[in-house]
Structures are given as structure tokens and as C-alpha cells.
Amino acid sequence: MDLLNTLVDKGLRRELPTREEALAVLATSDDELLDVVAAAGKVRRQWFGRRVKLNYLVNLKSGLCPEDCSYCSQRLGSKAEILKYTWLKPEEASKAAAAGVAGGAKRVCLVASGRGPTDRDVDRVSKTIEAIKEENEGVEVCACLGLLSDGQAERLRSAGADAYNHNLNTSEGTYGDITTTHTYADRVDTVQKAHAAGLSACSGLIAGMGESDEDLVDVVYALRELDPDSVPVNFLIPFEGTPLAKEWNLTPQRALRILAMVRFVCPDVEVRLAGGREVHLRSLQPLALHLANSIFLGDYLTSEGQAGKADLDMIADAGFEVEGTDTTTLPEHRADASSCGTGGGCGSGSVCGSEEPAPAQPVATDTARTDQARTDLVAVRRRGAGTDLAPNA
């Protein structure tokens with residue numbers, strides 16, 4: 001297929017595809033799916049080989065959030081029967097993190113519900129970061145605490161944080177439809193604050209909220225412009241008790257096409273297979289490893305993931321290997337501040353190559369299908385952080 005050959009060539013050069021090409025990936029038929037995965041897999045292997053980075057979530061504070069994000073089980077007014085607890089003590093969080101590290105996680109992600117941290121919260125998280133770093137040499141720590149105020153990113157960096165996560169989630173044009181208590185611009189500002197403080201920026205999206213193909217392409221191109229080092233791709237978990245509980249819009253095939261589109265647009269970035277993979281990819285999860293080079297190990301914030309051992313078996317059975325702490329995740333050029341003049345790997349829409357973009361090719365499409373609701377696969381987390389039960393790692 002000419003489209004896929006063009007996209008592979010561009011991905012190997014770190015060149016931005018046209019919007020028409022990105023949309024064409026989403027419009028490919030199920031008959032072409034394996035061709036799409038194979039093409040995007042060439043780009044993934046060029047920049048990341050067969051390595052899979054493992055990340056582990058620690059939910060520092062669960063529920064009771066004042067924001068109204070429609071997709072979130074922790075939102076204001078949520079009736080989802082999730083775990084609710086206030087801040088874990090640093091030693092509790094460090095113990096929870098140790099389980100993930102023992103399971104092979106290279107990065108620990110510290111997450112807290114809420115609009116954003118107070119200065120006291122930053123102090124608390126800083127102590128937690130220090131405790132984790134003290135116990136786990138070589139492990140990266142990423143904080144995800146909501147909207148940042150001036151100076152807070154710098155303080156987290158000084159405490160030893162390596163990265164900061166704040167997702168854009170959806171396109172600017174539809175952001176107001178899912179959240180009203182803060183703006184898309186607020187989210188962009190926080191990602192920029194993290195970047196400016198020297199933290200590795202992590203920002204991604206949620207697919208399956210009823211958005212159009214154009215919305216998906218918009219948010220991925222916006223992420224390319226922001227140039228984060230990692231892009232988590234979440235698939236909506238339709239929790240009962242949230243406004244989006246009835247949004248079952250994804251098939252495993254569509255989820256794979258979305259991942260492939262993200263890889264083509266962000267070829268040399270850590271693409272992370274994140275929340276909802278078990279719910280929507282199901283038995284096709286191993287195919288997603290040919291597109292994403294990073295996954296979360298075990299459970300998520302408020303939902304259960306598949307068993308940690310099953311994750312490790314899946315990686316090995318698919319012919320991939322777990323990335324060690326002694327290996328640098330990102331390609332060398334992304335660490336070079338002079339690369340393309342962006343401080344990263346050709347973000348900000350720049351092109352590494354002299355060729356003109358190829359014209360979009362017509363692609364056969366099939367009728368959009370609605371996935372069946374699989375509420376049986378949505379399991380609320382009842383173990384790990386905030387409980388007396390052993391974590392899943």
C-alpha cells in the first residue's frame with residue numbers, strides 16, 4: 001500500500017505525516033489491519049528495537065476530586081464505587097512502589113486526584129520521591145498531580161522527580177464537552193511548565209469518548225507540537241456512575257489503528273499503552289506491542305489490570321524484552337538539546353528531511369462499528385495502595 005510505504009519512510013526520517021495521511025490510517029479496513037501494524041512496527045523497531053518499558057502506578061490519593069472530567073471515576077459527583085482515601089504516607093507509597101519495581105518496572109508514576117497540588121502537597125510528594133529514590137536505585141519517578149502553579153515543577157525536579165505527566169486527553173475543539181472546571185489551555189500550560197523546569201514531559205490522550213477521527217488527529221498533532229518524551233494512549237474505561245458509562249465505541253481493531261496513527265505521527269517518542277488496554281484490546285494486546293514500546297504493569301488508578309505475571313508472559317511470548325534500568329529509553333538524538341533546534345526529537349512540527357510531503361492516497365474504508373459493552377471487564381481496584389491487600393505487580 002503506497003500510503004503505508006510513505007508513512008514508514010517518513011517515520012524512519014522523523015518526518016511529520018500530513019493530516020490526510022494520519023486520517024487515512026484511521027480509515028483503513030480490518031482487512032488491512034495487519035499491514036498497518038507491520039508498517040508502524042518497522043518505525044517502532046527503528047527507534048526502540050524490541051524493548052518494552054514497564055511503568056507502575058501508585059495512586060497517592062484516590063477519589064474526592066473537585067474537577068468534573070466526564071471520563072474519570074474520581075470526578076466530582078462520580079457514583080462509581082471506587083476506593084477513596086487521602087494521602088498515603090511517604091513510607092506507604094515507597095512500599096507500594098517497591099512491588100512494581102520488583103516486578104520489573106523501570107518508572108514509578110505517582111498520581112494524586114485533585115485540581116492541582118498545594119505547596120504543602122508538593123512538600124509531601126517531594127518526601128515520597130526521596131523515599132522511593134533512596135530505596136530503588138536507578139528507578140525513574142514521574143509525578144502526576146494536576147495543574148501546576150509557578151515554581152512547583154522546579155521543586156519537584158529538585159526533589160528528584162524525573163518526569164511530569166499531564167494529559168491533553170482530547171482535542172482543543174471538544175475539550176469543553178468533557179470538562180468544564182478547567183480548560184485545554186490550562187493543561188498545555190502545565191506541560192510547558194514541566195518542560196521548562198527540566199522535567200521529562202509526559203502527555204497523552206484518551207480514545208473512545210465519542211470523538212471523531214479529526215479530533216484524534218488534532219490531539220496527536222497538538223502533542224507532537226508540545227514535544228513530550230512520552231505519549232500515553234488511554235482507552236476509555238466506561239465506569240458505571242460516570243457520564244461516559246455508555247460510551248462503548250472501540251473495537252480491538254480500532255484501538256490498534258489509533259496506536260498506529262500515534263506511532264506514525266510521533267515516531268521516536270515513547271508511546272505507552274495505558275489504561276483500558278485489557279478492556280478494549282483484549283486478546284489482541286500482544287499486537288499492540290508492535291506499536292507501543294511502553295506499558296503499565298498491573299493495576300491502574302481505580303481499576304484492575306491483568307495480572308503482572310501475565311503482562312511479563314505476554315511480552316516474552318510476543319518476542320519482546322523488558323527494558324532494564326541500565327538502558328536509556330529514548331533514542332540518543334532526543335537527549336541532544338541541539339537536535340532540530342527543539343530540545344527534543346523534531347517536535348513543533350519540524351521536518352527532519354528535505355523531501356516534500358507525499359500526497360495522501362485514497363484508502364478503502366469499512367463501515368464504522370460500535371463495540372459491544374463489556375462491563376464484565378471493568379473491575380474496580382480493591383488491592384494495592386490504600387488497602388491492606390497485596391498489589392498486583
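Residues numbered from 1 in each chain as written. Predicted model: local features only at pLDDT ≥ 70, side-chain atom pairs only at ≥ 80, totals over all residues. Heavy atoms only, no water.

S.K.: Would you mind showing me how to read empty space enclosed by the protein here?
M.R.: A water-sized probe rolled over the atoms picks out the places where empty space is left. Evaluated as defined, the whole model comprises three cavities of 30 Å³ or more. Computed from the structure, the largest cavity encloses a volume of approximately 900 Å³. Lining the largest cavity are 42 residues, and of these Tyr71, Cys72, Gln74, Asn167 and Leu301 sit closest to its centre. Among the secondary structure elements, those contributing two or more residues to the lining of the largest cavity are strand E2 (107-112), strand E3 (140-144) and strand E7 (230-235). Taken together, the residues that form the lining of the largest cavity break down as 23 nonpolar, 14 polar and five charged. (1 Å grid on protein atoms, 1.4 Å probe; cavity = no way out; pocket = protein on both sides within 12 Å on 5 of 7 lines; lining within 4 Å. Points joined across faces, edges and corners; volume = space filled by probe spheres on them. Helix = DSSP H or I, 4+ residues; strand = E, 2+ residues; numbered from the N terminus. Nonpolar A, V, L, I, M, F, W, Y, C, P; charged D, E, K, R; others polar.)

S.K.: Teacher, can you tell me more about helix H10 (residues 252-265) here?
M.R.: One turn of an α-helix holds 3.6 residues; hence residues three or four places apart share an orientation. With 14 residues, H10 extends 20 Å between its outermost C-alpha atoms, agreeing within 8% with the 20 Å of an ideal straight helix rising 1.5 Å per residue. With respect to burial, H10 is a largely interior element, 14 of its 14 residues being buried. (Expected span 1.5 Å × (residues − 1). Buried < 20%, exposed > 50% of the residue type's maximum accessible area, 1.4 Å probe, protein only.)

S.K.: Help me understand the pattern of salt bridges, please; the structure alone is not making it clear to me.
M.R.: As a working rule, side chains carrying opposite charge can pair if their charged atoms are close by. The full count for this structure, using the stated rule, is 25 salt bridges. Across the pair Lys53 and Glu270 runs a salt bridge whose closest N-O atoms are separated by 3.5 Å. Here Glu270 lies in strand E8 (residues 270-273) and Lys53 lies in strand E1 (residues 51-61), a separation of 217 residues in the sequence. Asp311 is the salt-bridge partner of Arg277, the closest N and O atoms lying 2.9 Å from each other. A residue pair is termed long-range when its members are at least 10 positions apart, and Arg277 in helix H11 (residues 277-280) and Asp311 in helix H13 (residues 308-317) qualify at 34 residues. An identical accessibility class is assigned to Arg277 and Asp311; each is buried. The structure contains a network of salt bridges with shared partners spanning Lys53, Arg107, Glu140, Glu270 and Arg272. (Salt bridge = Lys/Arg side-chain N within 4 Å of Asp/Glu carboxyl O.)

S.K.: Where do I start with the UniProt feature "domain: Radical SAM core" (unreviewed entry) in the chain in this structure?
M.R.: Here the UniProt feature "domain: Radical SAM core" (unreviewed entry) sits at residues 47-277. Secondary structure within residues 47-277 divides into 37% helix and 18% strand; the distance between the first and last C-alpha atoms comes to 23 Å. (UniProt positions renumbered as here; feature names shortened; annotations may be inferred.)

S.K.: When you look at the UniProt feature "binding site: [2Fe-2S] cluster" (unreviewed entry) in the chain in this model, what are you seeing that I'm missing?
M.R.: Residues annotated by UniProt as "binding site: [2Fe-2S] cluster" (unreviewed entry) correspond here to Cys109, Cys142, Cys202 and Arg272. In terms of the greatest pairwise C-alpha distance, the residues named above, spread along 164 residues, form a tight cluster of at most 13.7 Å across. Checked against the lining of the largest cavity, the annotated residues just named reduce to Cys109, Cys142, Cys202 and Arg272. Its place among the elements puts Cys142 in strand E3. With near-sequence residues (within four places) excluded, Cys142 lies in contact with Arg107, Val108, Cys109, Leu110, Ala163, Tyr164 and Asn165. Inspection of the secondary structure puts Arg272 in strand E8. Once residues lying within four places of it in the same chain are set aside, the contact partners of Arg272 are Asn55, Arg107, Cys109, Cys202, Ser230, Val231, Pro232, Val233, Ala292, Ser294, Ile295 and Phe296. (Contact = heavy atoms within 4.5 Å.)

S.K.: Can you help me understand the confidence of the model for the chain in this one?
M.R.: Keep in mind that low pLDDT regions are not for reading the predicted coordinates in detail. With 91% of its residues at a pLDDT of at least 70, the chain reaches an overall mean of 89. Considering only residues more than four positions removed or in separate chains, one finds that residues 337-369, a stretch of pLDDT under 50, has 70 contacts. (pLDDT = per-residue confidence, 0-100.)

S.K.: Explain the pairing of E8 to me, please; I cannot follow it from the model alone.
M.R.: Side-chain direction in a regular strand flips from residue to residue, so the side chains alternate between the two faces of the sheet. Residues of E8 alternate between two faces, with Glu270 and Arg272 on one and Val271 and Leu273 on the opposite face, all of them buried. As paired elements, E7 and E8 share four bridges and run parallel to each other. Looking across to E8, one finds that Ser230 is bridged to Glu270. Regarding topology, H10 serves as the crossover connection from E7 to the parallel E8, and that connection is right-handed. Bridge count between E8 and strand E9 (residues 294-296): two bridges; the pairing is parallel. Within E9, the residue paired with Arg272 across the bridge is Ser294. (Pairing = 2+ DSSP bridges. Right-handed = clockwise from strand over helix to strand, strands pointing away.)

S.K.: I would appreciate a short explanation of the pairing of E1 in the present structure.
M.R.: Buried residues dominate E1, accounting for eleven of its eleven residues. Bridge count for E1 against strand E10 (residues 321-322) is two bridges, and the pairing is parallel. Paired with Arg51 across the bridge in E10 is Glu321. Bridge analysis of E1 against E9 gives three bridges, and the strand direction is parallel. Within E9, the position partnered with Lys53 by the bridge is Ser294. Strand direction decides the pairing type here: E1 and E2, joined by six bridges, are parallel. Looking across to E2, one finds that Leu57 is bridged to Cys109.

S.K.: Looking at this structure, I do not really get the packing of helix H1 (residues 2-12) against helix H3 (residues 33-48). What am I missing?
M.R.: Two numbers describe a pair of packed helices, the interaxial angle and the distance between the axes. Where H1 contacts H3, the two axes come as close as 9 Å, and the packing angle between them is 10 degrees. In terms of their interaxial angle, H1 and H3 are classed as roughly parallel. Contact with H1, carried on its side by Leu4, Leu7, Val8, Gly11 and Leu12, involves Asp35, Val36, Ala39, Lys42, Val43, Gln46 and Trp47 of H3 and no other residues of that element. (Axes fitted to C-alpha atoms, helices over the stretch in contact; angles between N-to-C directions. Parallel < 35°, antiparallel > 145°, perpendicular 65-115°, else oblique.)

S.K.: Can you walk me through the environment of Pro90 in this structure?
M.R.: Topologically, Pro90 is positioned in helix H4 (residues 90-102). Measuring from C-alpha to C-alpha, the distance between Pro90 and Ala131 comes to 6.5 Å, with 41 residues separating the pair along the chain. Ignoring any residue separated from it by four or fewer positions in sequence, one finds Pro90 in contact with Arg124, Lys127, Thr128 and Ala131.

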